[in-house]
Amino acid sequence: MGKYFGTDGIRGVANKELDVPLAYKVGRAAAAVLAKETAGKPLFTIGKDTRISGDMLEAALVSGLCSAGGNVIALGVVPTPAVAYITKARGADAGIVISASHNPYEHNGIKIFNTEGFKLSDELENEIEYYIDHPQELEAKTNGDIGCVMENNCSLVEGYERHIISCAEAEIKDLRVVIDCANGASYRTVNDIFGSFPIELEVINDHPDGMNINDGCGSTSPERLSRIVTAGGFDVGIAFDGDADRCIIIDEKGGVVDGDKIMAICGVDMMRRGCLKGGTIVATVMSNLGFHKYTSSRGLNVECTTVGDRYVLERMLEKGYNLGGEQSGHIIFLDDATTGDGQLAAVKFLSILSSCGRKVSELVGEIPSFPQVLKNVPIAGGNAAKEAVMANSLLLERIAGLEDKLAGKGRVLVRPSGTEPLIRVMIEAETDETAERCAVLLTALIEELAG
């Protein structure tokens, strides 16, 4: 992680860690770095989620881009993957998203896609960081060289919607579906996409007010959706996060189907159709052991990376694979998208569900789940403080001891969050009791070390 960029862009509390001066500097630096080979004025797309701070940060970013000679297409509120798709389709030099994804409303973030719709490399992020800290080295454009905001053509978003609809592998029909928009960006597109299919559709949490994004709803809080699915007799529930790059599924019994299980179902289907490249799914070290056992039993290979969809994507591009993702619901279908897309994942899953004639619980019931306990420990002091705790010898010894204890029967994963001031602890074991006990031991030590 760099000084400003984490694993998923720049994040922070709006008007505190991520304020207007920083957003302005990011705009200027991004225009300078990403348009070096551009003849004439570079073109940038900008989208945002529904946070109250989005307008403020958008204005600062646009000012920075225009001052550096960039033209801007402001897309308004759109899902993050829509910005990636439109950037590539429109031939823009880069796309910028103002979003903190699944985080609470007071947070916000800035993530950047290159002209091909992929997240920036570490090298480009480092170069942007340099110019954020050295703005005096950037030329301030004057006269006719100043950039401007171009008219936003609604057909750009409509083109994204048509693309997602076209990615259904089979006809989606005869289903009762309820979708949770997390009061986030998908509220703008969900009815156009899923309302185009002959299904009975209900949409909830689609009335954002700037402060209710991810508030007890969406992919990180699916409890209400689960109750609605069971009480209403729906076939399936779908939950997105605030910027709709994540998706989780709720089965007809109210059970949560996470990204591991969605990938497993989609991977087996792609293997059956002969389109799973390399016969491999790329996952992360967070993926459940049950996911590994199931995919292995179906003849699929799994390769794991460190946590973060950018690392999943890097492995996919490196080896030519076309399916990968995270347990959290970031799933990348590389033949159809350049980044994780919750609505795309939902369309793929509904295609399988509609054509197989089985219930969701039956589809995923063959995938075992080892008990996992996940805990987050708040850490003050930024990335340096997280790194200091992670390097502590006492913590390393405790982790090694638990790994020996769980050898062959579970896993221990302790890692600093790349997007929040947290250290995350994951314990996987044969029983809930063992996993909880180990997690409590580790989190207590981390809290002590963090002071």
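Quick note: structure is the one above.
The following refers to the structure shown. What you see is a predicted model; the values in this text were computed from it and never measured.

### Here's the deal with the packing of helix α14 (residues 393-406) against helix α15 (residues 432-450)
So, point 1. For the pair α14 and α15, the least separation of the axes is 10 Å and the interaxial angle reads 175°. If you check the angle between α14 and α15, you find them roughly antiparallel. Residues Leu394, Leu395, Arg398, Ile399, Leu402, Lys405 and Leu406 of α14 form the contact with α15, whose own contacting residues are Thr434, Arg437, Cys438, Leu441, Leu442, Leu445, Ile446 and Leu449.
So, point 2. Within the contact of α14 with α15, the residues separate by chemical class into 11 nonpolar, one polar and three charged.

### Notes on the pairing of strand β3 (residues 43-48)
So, point 1. In terms of residue burial, β3 counts as a mostly covered element, since six of its six residues are buried.
So, point 2. The side-chain alternation of β3 yields two buried faces, one formed by Leu43, Thr45 and Gly47 and the other by Phe44, Ile46 and Lys48.
So, point 3. In the sheet, β3 pairs with strand β4 (residues 71-77) via six bridges, with the strands oriented parallel. When the bridges of β4 are listed, Thr45 appears paired with Ile73.

### Focus on the sheet that holds strand β18 (residues 411-416)
Adjacent strands of a sheet form backbone hydrogen bonds with each other and so pair up, either parallel or antiparallel.
So, point 1. Taken together, three strands build an open sheet; the order of strands is β17-β19-β18 and the sheet is antiparallel. Both outer strands of the open sheet, β17 (372-378) and β18, are each paired with one neighbouring strand and no more. Across the sheet, the axes of successive neighbouring strands diverge by a mean angle of 15°, strand direction being ignored.
So, point 2. Pairing analysis gives seven bridges linking β17 to strand β19 (residues 422-428), with the strands arranged antiparallel. Across the sheet, the residue bridging to Gln372 is Glu428, located in β19.

### Focus: the environment of Glu448
So, point 1. With respect to the helices and strands, Glu448 occurs in helix α15.
So, point 2. Each C-alpha atom, one on Glu448 and one on Val282, is 35 Å from the other, the two residues being 166 residues apart in sequence.

### Topic: the pattern of salt bridges
So, point 1. Taken as a whole and assessed by the stated rule, the structure comprises 28 salt bridges.
So, point 2. Lys119 is the salt-bridge partner of Asp309, the closest N and O atoms lying 2.9 Å from each other. Taken together, the residues Asp309 in helix α10 (residues 309-319) and Lys119 in the loop between β6 (107-114) and α4 (122-133) connect sequence positions 190 residues apart.
So, point 3. With relative accessibility at 6%, the residue Asp309 sits in the buried group.
So, point 4. Note that Arg315 is salt-bridged to Glu303, the shortest N-O span being 3.2 Å. Taken together, the residues Arg315 in helix α10 and Glu303 in strand β14 (residues 301-305) connect sequence positions 12 residues apart.
So, point 5. It is possible to trace a salt-bridge network through shared partners that takes in Asp8, Arg11, Lys111, Lys119, Asp243, Asp245 and Asp309.

### Side note on the sheet that holds strand β11 (residues 247-250)
So, point 1. Read across the sheet, five strands follow the order β9-β8-β10-β11-β12 without closing on themselves; strand pairing throughout is mixed. If you trace the sheet from one side to the other, it starts and ends with β9 (200-204) and β12 (256-257), each paired once.
So, point 2. Across four bridges, strand β8 (residues 176-180) lies against strand β10 (residues 236-240) in parallel orientation. Looking at β10, one finds that Val178 is bridged to Gly237.

### Focus on helix α3 (residues 80-90)
So, point 1. Burial in α3 covers these residues: Thr80, Pro81, Ala82, Val83, Ala84, Ile86 and Thr87.
So, point 2. Its buried side turned inward, α3 meets β3, β4, β5 (94-98), β6 and α5 (155-166).
So, point 3. In the stretch just after α3, Gly91 is the one whose phi turns positive, near 75°.

### Points about the nonpolar core
So, point 1. Residues Phe194, Ile238, Phe240, Ile249 and Leu350 are the most contacted members of the largest nonpolar core, which totals 63 residues.
So, point 2. The dominant element in this core, judged by the number of residues it contributes, is helix α11 (residues 342-356), at eight residues.

### What about the side chain of His163?
So, point 1. Examined against the element boundaries, His163 turns out to sit in helix α5.
So, point 2. For His163, a relative accessible area of 17% translates into the label buried.
So, point 3. Apart from the residues within four sequence positions on either side, His163 is in contact with Tyr85 and Asp336.

### Quick look at the packing of aromatic side chains
So, point 1. This model, assessed by the stated rule, comprises four aromatic pairs.
So, point 2. On the basis of an interplanar angle of 65° and a centroid distance of 6.5 Å, the ring pair of Phe194 and Phe197 is categorised as edge-to-face.
So, point 3. The class of Phe194 is buried, set by a relative accessible area of 0%.
So, point 4. For the pair Phe194 and Phe240, a centre-to-centre distance of 6.3 Å together with 35° between the ring planes defines the contact as tilted. You can see Phe194 sitting in helix α6 (residues 190-194) and its partner Phe240 sitting in strand β10, a full 46 residues away along the chain.
So, point 5. We classify Phe240 as buried; its relative accessible area is 0%.
So, point 6. Three or more aromatic residues joined by ring pairs make a cluster, and in this case those are Phe194, Phe197 and Phe240.
So, point 7. Sitting over the face of the ring of Phe234, Arg176 holds its NZ or CZ atom 4.4 Å from the ring centroid.

### Quick look at the side chain of Glu252
So, point 1. Structurally, Glu252 is set in the loop between β11 and β12.
So, point 2. One buried charged residue, Glu252, remains without a salt bridge, the closest side chain of opposite sign being Lys253 at 4.9 Å.
So, point 3. A polar side-chain atom of Glu252 sits 3.5 Å from the main-chain amide nitrogen of Val360.
So, point 4. Within the local environment of Glu252, its side chain forms a polar contact with the side chain of Ser361, the two groups lying 2.3 Å apart.

Conventions and cut-offs
- Residues numbered from 1 in each chain as written.
- Predicted model: local features only at pLDDT ≥ 70, side-chain atom pairs only at ≥ 80, totals over all residues.
- Heavy atoms only, no water.
- Axes fitted to C-alpha atoms, helices over the stretch in contact; angles between N-to-C directions.
- Helix = DSSP H or I, 4+ residues; strand = E, 2+ residues; numbered from the N terminus.
- Parallel < 35°, antiparallel > 145°, perpendicular 65-115°, else oblique.
- Contact = heavy atoms within 4.5 Å.
- Nonpolar A, V, L, I, M, F, W, Y, C, P; charged D, E, K, R; others polar.
- Buried < 20%, exposed > 50% of the residue type's maximum accessible area, 1.4 Å probe, protein only.
- Pairing = 2+ DSSP bridges.
- Salt bridge = Lys/Arg side-chain N within 4 Å of Asp/Glu carboxyl O.
- Core = buried A, V, L, I, M, F, W, Y, C linked by side-chain atoms within 4.5 Å.
- Phe/Tyr/Trp six-rings, centres within 6.5 Å; stacked < 30°, edge-to-face > 60°.
- Lys NZ or Arg CZ within 6 Å of the ring centre and 35° of its normal.
- Lys, Arg positive; Asp, Glu negative; His and termini not counted.
- Polar contact = N/O pair within 3.5 Å; in protein donor to acceptor, adjacent residues only side chain to side chain.

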